[in-house]
Structures are given as C-alpha cells and as structure tokens.
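Spelled out from the first residue to the last, the chains are:
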Amino acid sequence: MGEQSKGNSLERGLTNRHVQFIAIGGTIGTGLFLGSGKSIALTGPSIILVYILVGAVMFLFMRAIGELMYRDPNQHTFINFIGRYLGPGWGHFAGWSYWIVLILIGLTELTAVGTYFVTFFSTFGFNLKQWQWLIELCFLVLLVAINLIAVKAFGETEFWFSMIKITLILGLIATAVVMLIVGYHYPAVHVHGLDHVSSAGHVGFDNILNGFKLAPNGPMAFLMSFQMVFFAYETIEFVGVTVSETKNPRKVLPKAINELIGRILIFYVGALISIMLIVPWRTFQPNEDGTFASPFVMVFQYAGFNWASALVFFVVITAASSALNSLLYSAGRHLFQVALESPNAVIRKLGVVSRRKVPARAILASAALILLAPAINAVPQVSSAFVLFSSASSAVILFVYILTMVAHRRYRMSNDFDPDGFLMPAYKVTSVITIVFFVFIYCTLFLSKETTAPAALGLLWLLCFGGYSLIKGRKAGVALER
C-alpha cells in the first residue's frame, strides 16, 4: 500500500465494490436503453455478432490499459503513458484532446439528462420543457457536489446508479425467459414513442431466425453498425482512471477488467437476444422524424406493463446521470494531471488537491464549461455547430485509443516492462488487431453523410493541434537539453 501511494496526493477511497460497479456502469449507457432499436434495424440479428466482436476488441484495449496502470498505479490517467513512451508532444496532444472530448460529451450528456427528465414527467401529463435549463443546472450542481465531497461519495453514487441499470436489464431478460416458456402472444398496442400502432405477435426464437442474414440490409449497413456499436462502448476506459484512488489497485483492477467480457455477454448480448425473442427484428422501423421507440418500452408494454415508459425513462435518467457523474470525475482527474505538468502558471493552479483530497479546482473548471449546455441549446446556429463538434469528438477519441495502444507496445519494449505484471495476452498480435480495428472504425465514419464531416474535422484536429503539440514538445526537449 505504501509503495502504491507514494507520490500520490489523492485518497485511495474506492473499494473493490465501487470499482466493480464503476466498470459495469462504464459498459452500460443510454444507448442500450434507447438506441438499440436503431442498431437492430440497421443489420438485424447479426448485430449480436457485432456487439461481441467490438466488445472483444474493447476488452483487449482494456487489458493494455490494465497492464500499464498495474505497472504504475499512482498515475491518475492512462494518458500519462502516451507522454512517457511516445514523447511530450503526443502526451500534450492526447492529454488536452481527451479532456476536450470529455467536456463535449459532458455537454451532450447534460442536455440528455434534461431531455429525459422532461420526457419522464410528460408521461404523467406534466410539461416541464420551459424549465429544462433549471433541471440541467440542478443536476449538474448535485453531481459536482458529490464529486467534491470525497472520492468515496462518487464511488457510492456510481454503485447505486449501476444497480438501477442492472436491475432493469435483468428484469428484461427474466421477462423474456418467462414469456418464452409460456409461449406468450401479445395484441397490437400503441407503444409510447412510436407514431404508429405496433402489430400483434408472439415470443419465440423464430423471431430471430426467420429470414436471418449476416447483412440483410446490405454490406454498407453492416459495416456502419460497427461504428454505432463502438460508440456504445465509448468511455469504457473510465475504470482505468480510478486506479490512483483505489484501495489495493493491483488486486482490484485485474478482476474488474477480466470480468468485462462476462458483463458484455450478459448485459448487451443478453438484452439484445431478449428483445428480439419478443419483437421481430423487422418490426424496428423509424418514426417519420427518424427516431426509434425504446425496445425496452416495447417489451414491457407487450408484457402488459403500461407504466413501462415511465420506468424505462427513469432508468434512462439514471444512466445519463451516471455518465455525467463519471465524466465529471474523469474530466477533473485529467485536467488535474494536465495542470500538474503544464508550464503555464495559471493552468498549474488547477493542479491542487482540496482538504478532502479531491482535485476540486479541476472539477469545478470542467463543470463550468459543461454548464454552457443550456446556453448552447438556446441558440439554434450555435447548437447545430455544437452537434458537429461533439460528433467530431468521437472521432478524436479514436486517435487517443490508438496512441494508447502504441504507447503500450513501446512500454513492452522498454526497461520499465514488468514480466510479472498484469500482462496483455499475446500482445504482439492482439495489440496490432486492436490498432487495426480502431483504424477500421475511423474509416467507416466516411461511409455515412452524417459522420463524414465529423471524421474530416477529426483529421483536421490531428493535423493542426497534433502538429502544434509535436513542435511544442520538440522545442521543450531542445530547451531541456540546453
């Protein structure tokens, strides 16, 4: 413990229970509850295979992060290893890029919390649309307060957020199993969130197997499903940010990462199979405005639970709040780390730990930027530009992932390598597979009109800010030598 805490000013207040559920929460976002209908419509039952393949690659990615963090559990973020093994230029690029990505995602999540909250109360006949900005403000203030109290408060909050999400998914799976066993038939109903009456049907494996094809809507749709599923897994790496504040990290971290595959199979694959057992996959069609009804709402309404819409949106609010809570935590730690290494005196002031041993200034600075969400949404021109930049952030995060994998390969060839550590299996092959996969995902962004502009903007960011960071890093190196 003493060696693991040496040089670490943050408190190791997270227990095994906290880290396990933070890892679970990192794999379950709002996309599963609301966006899985669109994923199923894109490529049918083969979406299960896509979730498994992408999940396996993300597991390899987490094993690489796990090996690095196991070697040095005092690091506040895995981004530090990019600077250590690829040079200060790439470290500067990755550190600031990742923090900016977190802020942009945070802006999106705060808007989502407000929107889902308004939708939740609309099911009871209350229209809170004009108060959405206040709802967003209250949620953000509450989550900031939780993050400022102590790291243990953050861990406890994430534990209960994850419990709520897990309970709904297990409830869905149990409902599907019971309906399958009894040979359940359901009538045509009007599902909340669907602009037409859904047809009657039954529960059975034939809903999945009838007309099964690997790419029923063509190879292009099948390829595009990979990027959609990848973004569902985005931010799975958050568990790697908790290491410097975890008790017994070299015991807890490997267990949390190794159990990721099991969670993916249960929560994603289990939920998707359950949904398609009940709802024929060709039933998933967009509304006139292009939106999709929540498959979870559909399943529970078919089962006769008419209050399902309110229940699901309550859990969706929980999922969005969990994502925002984790984003605040992660953004605070990343800005704290960037501030510690910055030559700028003003930025260095953010690298201070409060009396409660949390990076309070960095958390508050990150939250202040996320608080711009209501103002951005109030101006249509600014809002449309923000959508483009937030979409580009998903492209930029791929650069950070690739740099992390390259840094891991450099670590393996360095004198720092610990042969007794938490080793990534067959890294010479698996790390190449992971890097090639991330490049493949980036290439798929150019297959759709919606993602071509963000992908191009991401490349422009790499060229401009990446070039600036490398020049800055080279100059710093020359000055240091002198």
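The shown structure was predicted, so the numbers you read here are calculated from the model rather than taken from an experiment.

Cut-off values and rules
- Residues numbered from 1 in each chain as written.
- Predicted model: local features only at pLDDT ≥ 70, side-chain atom pairs only at ≥ 80, totals over all residues.
- Heavy atoms only, no water.
- Helix = DSSP H or I, 4+ residues; strand = E, 2+ residues; numbered from the N terminus.
- Rg over C-alpha atoms; globule rule 2.2 N^0.38 Å.
- Buried < 20%, exposed > 50% of the residue type's maximum accessible area, 1.4 Å probe, protein only.
- Contact = heavy atoms within 4.5 Å.
- Areas by Shrake-Rupley, 256 points an atom, 1.4 Å probe, with all protein chains shown as cover.
- Lys, Arg positive; Asp, Glu negative; His and termini not counted.
- Charge placed at Lys NZ, Arg CZ, Asp CG, Glu CD.
- Expected span 1.5 Å × (residues − 1).
- Core = buried A, V, L, I, M, F, W, Y, C linked by side-chain atoms within 4.5 Å.
- Axes fitted to C-alpha atoms, helices over the stretch in contact; angles between N-to-C directions.
- Parallel < 35°, antiparallel > 145°, perpendicular 65-115°, else oblique.
- Left-handed = near helix turned anticlockwise from the far one by under 90°.
- Nonpolar A, V, L, I, M, F, W, Y, C, P; charged D, E, K, R; others polar.
- Phe/Tyr/Trp six-rings, centres within 6.5 Å; stacked < 30°, edge-to-face > 60°.
- 1 Å grid on protein atoms, 1.4 Å probe; cavity = no way out; pocket = protein on both sides within 12 Å on 5 of 7 lines; lining within 4 Å.
- Points joined across faces, edges and corners; volume = space filled by probe spheres on them.
- Patch = residues over 30% accessible without salt bridge, like charges linked within 9 Å, V, L, I, M, F, W, Y side chains within 5 Å.
- Salt bridge = Lys/Arg side-chain N within 4 Å of Asp/Glu carboxyl O.

What about the overall build of the protein chain?
Within the protein chain, the regular secondary structure consists of 20 helices and two strands. Here the protein chain has a C-alpha radius of gyration of 22 Å; the compact-globule value for 482 residues is 23 Å, and the two agree. Seen through its C-alpha atoms, the protein chain measures out along the principal axes to roughly 80 × 50 × 45 Å. Across the 482 residues in the protein chain, those meeting the buried criterion constitute 56%. Sequence separation of at least 24 residues holds for 81% of the intrachain contacts in the protein chain that already meet a minimum separation of 6. Accessible surface, the protein chain: about 20,100 Å² in total, of which carbon and sulfur atoms supply 67%. Taking the average location of the 33 positive side-chain charges in the protein chain and that of its 22 negative ones, the two points are 7 Å from each other.

So, helix 8 (residues 151–181)
With 31 residues, helix 8 extends 45 Å from end C-alpha to end C-alpha; this agrees with the ideal 45 Å at 1.5 Å per step. Taken from the residues just after helix 8, Gly-183 is the one with a positive phi, measuring 65°.

Brief notes about the nonpolar core
Nonpolar side chains in soluble globular proteins tend to be buried together. Ranked by internal contacts, the top residues of the largest apolar core, which has 157 residues, are Phe-296 and Phe-438. The leading source of residues in this core is helix 6 (residues 88–122), at 18 residues. Once residues within four sequence positions are removed from consideration, Phe-296 is found in contact with Leu-32, Phe-33, Leu-168, Ile-169, Leu-172, Ala-271, Ile-275 and Val-312.

Observations concerning the packing of helix 4 (residues 47–71) against helix 19 (residues 427–444)
Between helix 4 and helix 19, whose axes approach to 10 Å, the crossing angle comes to 120°. Taken together, the axes of helix 4 and helix 19 are oblique relative to one another. Of the two possible hands of crossing, helix 4 and helix 19 adopt the one that is left-handed. Contacts from Val-54, Val-57, Met-58, Leu-60 and Phe-61 in helix 4 reach Thr-430, Thr-434, Phe-437 and Phe-438 in helix 19. Counted by class, the contact of helix 4 with helix 19 contains seven nonpolar, two polar and no charged residues.

As for the packing of aromatic side chains
Taken as a whole and assessed by the stated rule, the structure comprises 38 aromatic pairs. Judged by centre distance (4.2 Å) and plane angle (5°), the ring pair of Phe-154 and Tyr-329 falls under stacked. A residue pair is termed long-range when its members are at least 10 positions apart, and Phe-154 in helix 8 and Tyr-329 in helix 14 (residues 308–341) qualify at 175 residues. Phe-154 gets classed as buried once you look at its relative accessible area, which sits at 2%. Seen in terms of ring centroids, Phe-230 and Phe-438 are 6.1 Å apart; in terms of plane orientation they differ by 65°. Their pairing is edge-to-face. Residue Phe-230 is found in helix 10 (residues 219–233), and its partner Phe-438 is found in helix 19; the two are separated by 208 residues along the sequence. Phe-438 carries the same exposure label as Phe-230, and that label is buried. What links up through ring pairs into an aromatic cluster is the set Phe-61, Phe-222, Phe-226, Phe-230, Phe-231, Tyr-401, Phe-437, Phe-438 and Phe-440.

Here's the deal with the layout of surface pockets
When its volume is computed, the second largest pocket comes out at roughly 570 Å³. Along the wall of the second largest pocket there are 24 residues; nearest its centre are Pro-88, Gly-91, His-92, Glu-341 and Ser-342. At the level of elements, helix 5 (80–86), helix 6, helix 14 and helix 20 (449–481) are the ones that each hand at least two residues to the lining of the second largest pocket. Looking at side-chain class alone, the lining of the second largest pocket contains seven nonpolar, 14 polar and three charged residues.

Some points on empty space enclosed by the protein
Counted by the stated rule, this structure contains one cavity of 30 Å³ or more. One number sums up the size of the largest cavity: a volume of about 40 Å³. Looking at the largest cavity, the residues that line it are Ile-22, Phe-154, Phe-238, Val-241, Thr-242, Ser-326, Tyr-329 and Ser-330. The element best represented in the lining of the largest cavity is helix 14, accounting for three residues. Residue composition of the lining of the largest cavity, grouped by class: five nonpolar, three polar and no charged.

Some thoughts on the side chain of Ser-431
Relative to the helices and strands, Ser-431 is located in helix 19. Note on Ser-431: relative accessible area 0%, which makes it buried. Other than its neighbours up to four places away in sequence, Ser-431 contacts Met-405, Arg-409 and Met-424.

Considering a nonpolar patch on the surface
Among the surface-exposed residues, Val-177, Val-178, Ile-181 and Val-182 lie close enough to one another that they form a single nonpolar patch of about 390 Å² accessible area. Tracing the backbone shows Val-177 in helix 8.

Some thoughts on the side chain of Thr-430
Note on placement: Thr-430 falls in helix 19. Ignoring anything within four residues of it in the chain, the contact list for Thr-430 reads Leu-60, Met-424 and Pro-425.

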